[in-house]
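Fold and contact review
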Amino acid sequence: MADFGVATPSVKVAGGKPATATGKSLSVVALRKTYGDVVAVDEASMEIAAGEFVTFLGSSGSGKTTTLMMIAGFCEPDSGTITVGDRDVTRLAPQKRGLGFVFQQYLLFPHMTVQENVAFPLTLRGVGKDEIRRRVGETLEIAGLSRFGGRKPRELSGGQQQRVALCRALVYRPPVILMDEPLGALDKKLRDQLQVEIKTIQQELGLTVIYVTHDQEEALVMSDRIAVMRNGLIEQFDTPRELFERPKTPFVADFLGAANFLPGRIEQHTDEHTLVRLDASGGLLKARRHQLPSGTSVKVAVQPGRLRACAIDDGFCTGTVETATYVGTLVRAGVRIDGKEAPLLRLEVPAGRGPVAGERVGITADPEDVNLFADEQAG
Ligand code: ADP
Ligand code: MG
């Protein structure tokens, strides 16, 4: 399997990034699409900078594809506007928007060679023969496919076919490339490899990419920013770190961080911290300073990897380790909390330092890692 990008930085674009890689590349304002009673996309708005890798992340049916198809021009919005650079493209036909696409199905022409497939968008645009040969050659080299130019798609592996599809989108250097679950049909190992390769090409060429996936890890690995979508709404549009560390809603905390949730009530604020009385244990938990007033009913959210087992007297609660499963570099533990309704907390701790089943432990967390949500925000 040819690999590219990482080990072959042989192709350089003059000046590093194309001239378009500054400022605003694409913006979407209040984009909406309904199908009968179903609101597929509800007033989606975002600005994407040139050179940015943005991912739409959400479970099936959350409106990712519909949003992408409206940007592409294959699906007409009920309302809202789409701007590419300074051009309003909302009512333009897809081929007039100058965007590139890569879909889950490769959609390569089976009767054409790899070279002919990649050349197709240029042929369509009436580019001269020599120029086509040069640009196709250059693009295939970027993707590590130079040796395969004469083959037909059926003579290639799935991963190679997807690289050809990527080349076909890259070859005319569109200002924005749209990708809808392009790795969805590939096995995990190949998917991991292609994630890195696509990301490397994107960075080397300074491409603006809008990528769709339902896979959290894929989104975290590849993206500069992620739009978390849910029921046609953009729940939060932020960097992977912000989404992970500072989720704005319980849904995001759960979807990206698989957070533990514990009900409680804000007892008081200090200069640096907010103290929460937990319903289950009656213990006091220290969270990073929060704006909500004292007395507010809250949900405490902490990711499994940010909880630690500690001495019985040192934690915000105590419990009994019910399960401790070794999963390679870490141990996943389930700890049944002492007290009302006895919720089960999920912990992830480095292997070798993990608690063992049956053990009595205290549970603690760095206040920085504790997120609070007002109860009405729940759900
Ligand atoms: P995703 O790509 O996140 O899985 P979609 O954008 O495909 O979600 O779909 C969003 C919602 O719109 C879903 O409820 C889906 O059933 C509905 N939908 C999408 N396309 C159509 C269509 N052509 N006709 C009717 N409903 C559709
Ligand atoms: Mg989809």
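Residues numbered from 1 in each chain as written. Chains lettered and ligands numbered in written order. Predicted model: local features only at pLDDT ≥ 70, side-chain atom pairs only at ≥ 80, totals over all residues. Heavy atoms only, no water.

In the annotation of an unreviewed UniProt entry, the chain is listed under the name ABC-type quaternary amine transporter and assigned to Streptomyces jeddahensis.

Remarks on the sheet that holds strand β10 (residues 233-238)
Strand pairing in a sheet relies on backbone hydrogen bonds. The paired strands run either parallel or antiparallel. Reading across the sheet, the six strands line up as β6-β7-β8-β3-β9-β10 and stay open at both edges, with mixed pairing between neighbours. The sheet terminates laterally at β6 (100-103) and β10, the two strands that pair on one side only. Taking the axes of each pair of neighbouring strands and ignoring which way they run, one obtains an average angle of 15° across the sheet. Across five bridges, strand β9 (residues 225-230) lies against β10 in antiparallel orientation. Bridging from a neighbouring strand, Arg 230 pairs with Leu 233 of β10. Helix α4 (residues 158-170) rests against β6 and β7 (176-180) of the sheet, and its axis sits at about 165° to β6. (Pairing = 2+ DSSP bridges. Helix = DSSP H or I, 4+ residues; strand = E, 2+ residues; numbered from the N terminus. Axes fitted to C-alpha atoms, helices over the stretch in contact; angles between N-to-C directions. Contact = heavy atoms within 4.5 Å.)

Details of the domain arrangement of the chain
Considered domain by domain, the chain is made up of domain 1 (26-99 + 174-251) and domain 2 (258-377). Here domain 1 and domain 2 have C-alpha centroids that lie 34 Å from each other. Taken together, the contact between domain 1 and domain 2 spans seven residues of the former and nine residues of the latter. When domain 1 packs against domain 2, close to 750 Å² is buried across both sides, 42% of that on carbon and sulfur atoms. Among the residues domain 1 hides against domain 2, the three largest losses belong to Glu 245, Arg 246 and Pro 250. Together they make up 64% of the total. (Domains from an automatic or database assignment. Buried area = accessible area lost by both parts, 1.4 Å probe.)

Notes on the packing of α4 against helix α5 (residues 188-205)
Axis separation between α4 and α5 bottoms out at 11 Å; the angle between their running directions is 20°. As far as their axial angle goes, α5 and α4 are roughly parallel. Note on packing geometry: the crossing formed by α4 with α5 is right-handed. Where α4 abuts α5, its residues Gly 159, Arg 163, Leu 166 and Leu 170 lie against Leu 190, Gln 193, Leu 194, Glu 197, Ile 198, Ile 201 and Leu 205. When grouped by side-chain class, the residues that make up the contact of α4 with α5 number seven nonpolar, two polar and two charged. (Parallel < 35°, antiparallel > 145°, perpendicular 65-115°, else oblique. Left-handed = near helix turned anticlockwise from the far one by under 90°. Nonpolar A, V, L, I, M, F, W, Y, C, P; charged D, E, K, R; others polar.)

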